[in-house]
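# Examining the three-dimensional arrangement
For reference, the chains in residue letters:
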Amino acid sequence: MTEEIFERYAEEYDAWYDVHRSVYHTELARIRSVLPPVDARSVEVGVGSGRFAGPLGIRLGIEPSHALGRMAYRRGIDVIRGRAECLPLRDDSCSLVLLVTVLCFLDDPRRALAELRKILVPGGTLVIGFLERDGPVVQTHLRTGGKRHFLSHARFFSSDDVRGLLRQAGFSVLTADSRQGFGVFLARKD
Amino acid sequence: MKKSTVDILCCPVCKGDLELRIVKELTRESAEDEILEGGLWCRKCGVEYPIREGIPDLLPRTGDNC
């Protein structure tokens, strides 16, 4: 269901980043500030149209939506069409995984986090950016209905929820930056 | 898809090895070879995942656990 929405509104999804340039750049800067050095084995899961992987220098992306994946490909990302819950990547093959505003759209977040843990090398890093359930962005959306079609299909988590999910999946949370309703967590595979 | 990316790919369902079949590739002196059309075959699942316009489609086709 969510995947269909992203196919249908791909252009609109991508345009959001131009319309809300300052929010986008703030999110990007906060992720960049915690991101370990990117290498050839760094991957963004749910790369979308490549708005984060591109500027952050991440060359590989996993994306279920054909339409969004094509946009990321045109931005120079090596795109693999796939789902976070059934990743087509070998165990211990990635040094760094980035996951931005993806958790809320997953059918099975626990399963996806278990998959992310498997593809990471021991000591590998997971950086998660997410809209916090109790933050102003989500609350405004829930109150007004909002115009972002995608968010109406999202299931939001609080920072405590995300911390719990990460621990259960076998990650240690190293830093947790929670501001303006957007959480940025840095976690390590135990 | 960059040719070297194949090294880290596996079947999304059984996690087994994939055999690469190249139909069309782009070779460049300044950058890594790019596979544009072809397939990734999982012998165990009997599924070929297509590569079209440079993007391999590794969405799961089989299995209840995906």
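The following paragraphs examine the structure supplied in this document. Computed from a prediction, not measured in an experiment: that's the story for all the values here.

Before going further, it helps to spend a moment on the overall build of chain A. Helices and strands together make up the secondary structure of chain A, namely eight helices and seven strands. Scaling as 2.2 N^0.38, a compact globule of 190 residues should have a C-alpha radius of gyration of about 16 Å, and chain A matches this with 15 Å. Taking the principal axes of the C-alpha coordinates as reference, chain A spans close to 45 × 35 × 30 Å. Sorting the 190 residues of chain A into buried and exposed places 57% on the buried side.

Judged by nonpolar contacts, the single largest core of 44 residues is most densely connected at Val-43, Val-45, Leu-113, Leu-126 and Leu-166 of chain A together with Tyr-49 of chain B. With sequence-adjacent residues up to four places away left out, Val-43 of chain A is seen in contact with Ile-58, Leu-60, Gly-61, Ile-62, Leu-89, Cys-94, Leu-96, Val-97, Leu-98 and Ile-119 of chain A. Counting 39 residues, the second largest nonpolar core, distinct from the first, contains Trp-16, Phe-52, Ala-53 and Leu-186 of chain A.

So, about the interface of chain A and chain B. When the parts of a complex come together, some accessible area is lost, and that lost area is often taken as the interface size. Across the boundary between the two partners, chain A contributes 21 residues, which contact 24 residues of chain B. The tally of links from chain A across to chain B stands at four salt bridges. Among the ionic pairs, Arg-70 of chain A bridges to Glu-53 of chain B, the shortest N-O distance being 3.8 Å. Taken together, the connections running from chain A to chain B amount to 14 residue pairs in polar contact (both at pLDDT 80 or more). Only α5 (66–74), β3 (78–80) and α6 (109–119) of chain A provide two or more residues apiece to the side of chain A that touches chain B. Grouping the constituent residues of the side of chain A that touches chain B by class yields nine nonpolar, three polar and nine charged.

According to the stated counting rule, one finds zero disulfides over all chains in the structure shown. Between Cys-94 of chain A, a cysteine without a disulfide, and Cys-10 of chain B, which holds the nearest cysteine sulfur, the sulfur-to-sulfur distance is 10 Å. The cysteine Cys-11 of chain B is free of any disulfide, with Cys-42 of chain B supplying the nearest cysteine sulfur at 3.8 Å.

Moving on, we get to the sheet that holds strand β4 (residues 55–56) of chain B. Strand order in the open sheet formed by four strands is β1-β2-β3-β4 (chain B), and the pairing between neighbours is antiparallel. Each end of this open sheet is capped by a strand with a single partner; those strands are β1 (19–26) and β4 of chain B.

All names here are of chain A. When you line up the elements, Ser-178 lands in strand β6 (residues 171–179). Each C-alpha atom, one on Ser-178 and one on Gly-129, is 9.7 Å from the other, the two residues being 49 residues apart in sequence. Sequence-distant contacts of Ser-178, defined by excluding residues within four places in its chain, comprise Arg-30, Glu-132, Ser-159 and Gly-183. A polar atom in the side chain of Ser-178 sits 2.4 Å from the side chain of Glu-132.

So, on to the environment of Thr-62 of chain B. The residue Thr-62 of chain B is located in the segment after β4 in this model. For the pair formed by Thr-62 of chain B and Leu-20 of chain B, sequence separation is 42 residues and the distance between their alpha carbons is 19 Å.

This paragraph deals with the pattern of salt bridges. Scanning the entire structure with this criterion turns up 23 salt bridges over all chains. The residue Arg-81 of chain A makes a salt bridge to Glu-7 of chain A at a minimum N-O spacing of 3.6 Å. Of the two residues, Arg-81 of chain A sits in the loop between β3 and β4 (94–100) while Glu-7 of chain A sits in helix α1 (residues 2–8), which places them 74 residues apart along the sequence. On the basis of relative accessibility, which here comes to 19%, the residue Arg-81 of chain A falls in the buried class. On the basis of relative accessibility, which here comes to 31%, the residue Glu-7 of chain A falls in the partly exposed class. We note a salt bridge from Glu-25 of chain B to Lys-3 of chain B, for which the minimum N-O separation is 3.2 Å. Here the residue Glu-25 of chain B occupies a position in strand β1, and Lys-3 of chain B occupies one in the segment before β1, the gap between them amounting to 22 residues. The exposure class of Lys-3 of chain B is partly exposed, given its relative accessible area of 34%. Within the structure, one salt-bridge network assembled from shared partners comprises Asp-14, Asp-18, Arg-21, Arg-51 and Arg-75 of chain A.

Residue and element names in this part refer to chain B. With respect to the helices, strands and loops of the structure, Asp-7 is situated in the segment before β1. The exposure class of Asp-7 is exposed, given its relative accessible area of 52%. Sequence spacing of Asp-7 and Ser-30 is 23 residues, and the spatial spacing of their C-alpha atoms is 21 Å.

Reading the values: the criteria
- Residues numbered from 1 in each chain as written.
- Chains lettered and ligands numbered in written order.
- Predicted model: local features only at pLDDT ≥ 70, side-chain atom pairs only at ≥ 80, totals over all residues.
- Heavy atoms only, no water.
- Helix = DSSP H or I, 4+ residues; strand = E, 2+ residues; numbered from the N terminus.
- Rg over C-alpha atoms; globule rule 2.2 N^0.38 Å.
- Buried < 20%, exposed > 50% of the residue type's maximum accessible area, 1.4 Å probe, protein only.
- Core = buried A, V, L, I, M, F, W, Y, C linked by side-chain atoms within 4.5 Å.
- Contact = heavy atoms within 4.5 Å.
- Salt bridge = Lys/Arg side-chain N within 4 Å of Asp/Glu carboxyl O.
- Polar contact = N/O pair within 3.5 Å; in protein donor to acceptor, adjacent residues only side chain to side chain.
- Nonpolar A, V, L, I, M, F, W, Y, C, P; charged D, E, K, R; others polar.
- Disulfide = S-S within 2.5 Å.
- Pairing = 2+ DSSP bridges.

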